[in-house]
Amino acid sequence: MDSLIPFTTSGSLVDCVDRKMLVVLRDGRKLHGVLRSYDQFANLVLEDTVERIFHGKAFAEHWHGLFLIRGENVVLLGEIDLDQEDDVPLQQVDYSVLDPYHKRDIAHKKAREDFKSKVLYEQKGFCKEGGEGDGY
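Described below are features of the structure shown in this document. (Residues numbered from 1 in each chain as written. Predicted model: local features only at pLDDT ≥ 70, side-chain atom pairs only at ≥ 80, totals over all residues. Heavy atoms only, no water.)

### Thoughts on a negative patch on the surface
Step number 1: Taken together, Asp81, Asp83, Asp86 and Asp87 make up a surface patch of like negative charges.
Step number 2: Its place among the elements puts aspartate 83 in the loop between β5 (74–79) and β6 (91–92).
Step number 3: Aspartate 83 sits in the exposed class, given a relative accessible area of 70%. (Patch = residues over 30% accessible without salt bridge, like charges linked within 9 Å, V, L, I, M, F, W, Y side chains within 5 Å. Areas by Shrake-Rupley, 256 points an atom, 1.4 Å probe, with all protein chains shown as cover. Salt bridge = Lys/Arg side-chain N within 4 Å of Asp/Glu carboxyl O. Lys, Arg positive; Asp, Glu negative; His and termini not counted. Charge placed at Lys NZ, Arg CZ, Asp CG, Glu CD. Helix = DSSP H or I, 4+ residues; strand = E, 2+ residues; numbered from the N terminus. Buried < 20%, exposed > 50% of the residue type's maximum accessible area, 1.4 Å probe, protein only.)

### Observations regarding unusual backbone geometry
Step number 1: With a phi angle near 70°, aspartate 18 is a residue other than glycine that sits in the positive phi range.
Step number 2: Note that aspartate 18 resides in the segment before β1 (20–25).
Step number 3: Residue classification places aspartate 18 among the exposed residues on the basis of a relative accessible area of 51%.
Step number 4: One non-glycine residue, aspartate 48, lies in positive phi territory at about 55°.
Step number 5: Looking at the element boundaries, aspartate 48 is found in strand β3 (residues 44–55).

### Side note on helix α1 (residues 95–124)
Step number 1: A rise of 1.5 Å per residue sets the reference length of α1, with its 30 residues, at 44 Å; its end C-alpha atoms lie 41 Å apart and thus fit the reference within 8%.
Step number 2: Those residues of α1 hidden inside the fold are in contact with β3 and β4 (58–69).
Step number 3: Backbone geometry just after α1 places glycine 125 at a positive phi near 80°. (Expected span 1.5 Å × (residues − 1). Contact = heavy atoms within 4.5 Å.)

### A short note on the pattern of salt bridges
Step number 1: Tallying each qualifying case throughout the model produces 11 salt bridges.
Step number 2: The partner of glutamate 47 in a salt bridge is arginine 36, and the shortest N-O contact between them spans 2.5 Å. Here arginine 36 lies in strand β2 (residues 30–38) and glutamate 47 lies in strand β3, a separation of 11 residues in the sequence.
Step number 3: Linking aspartate 99 and lysine 103 is a salt bridge whose minimum nitrogen-to-oxygen distance equals 3.3 Å. With aspartate 99 and lysine 103 both in helix α1 and four residues apart, this pair spans about one turn of that helix.
Step number 4: On the accessibility criterion, aspartate 99 (16% relative accessible area) is buried.

### Here's the deal with the sheet that holds β6
Step number 1: If you trace the six strands from one edge of the open sheet to the other, you get β5-β1-β2-β3-β4-β6, paired in mixed fashion. Unpaired on one side and paired on the other, β5 and β6 mark the two borders of the sheet.
Step number 2: In the sheet, β1 pairs with β5 via five bridges, with the strands oriented antiparallel. Bridging across to β5, methionine 21 finds its partner in glutamate 79.
Step number 3: Sitting on the sheet, α1 touches β3 and β4, and the angle it makes with β3 is about 75°. (Pairing = 2+ DSSP bridges. Axes fitted to C-alpha atoms, helices over the stretch in contact; angles between N-to-C directions.)

### Observations concerning the pairing of β1
Step number 1: Strand direction decides the pairing type here: β1 and β2, joined by five bridges, are antiparallel. Among the inter-strand pairings, lysine 20 is bridged to a residue of β2, identified as valine 34.
Step number 2: Where β1 folds back on β2, the antiparallel hairpin that results is connected by four residues, among which glycine 28 adopts a positive phi of roughly 95°.

### Observations regarding the nonpolar core
Step number 1: Counting 11 residues, the largest nonpolar core consists of Leu13, Cys16, Met21, Val23, Leu25, Leu31, Leu35, Leu44, Leu46, Phe67 and Ile69.
Step number 2: Only β1, β2, β3 and β4 provide two or more residues apiece to this core.
Step number 3: Of all the elements, β1 adds the most residues to this core, at three residues.
Step number 4: With near-sequence residues (within four places) excluded, leucine 31 lies in contact with Met21, Leu22, Val23, Leu25, Leu46, Thr49, Val50, Glu51, His64, Phe67 and Ile69. (Core = buried A, V, L, I, M, F, W, Y, C linked by side-chain atoms within 4.5 Å.)

Put into structure tokens, the structure is as follows:
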């Protein structure tokens, strides 16, 4: 009967090593890279890592190379299908073109979250706990 229970610890990452992965972090960053290593805390080491940002129907990539990620910051981890990777219906542009729009989008999202937190605190009695990226 125990064999029917899914294996959901960091040990389940063993099949993902040496594969191209998408990692979404608590702060919203989206990283693409090859998973090279992990530990019992699900800390990850990505190689050939790029950070991908989006705005409208465009995306841009910023090269980071080797990237160490603390496991508690990972929201989502998924394998990238290499056969479909190039079929993205978005236009790739230079990072410097998209970065100001991306920063503006982040600022707008933060302002909305701050307003929502203020309303929940003042009108509904919710606490002010939490911080950046704790919305997941």
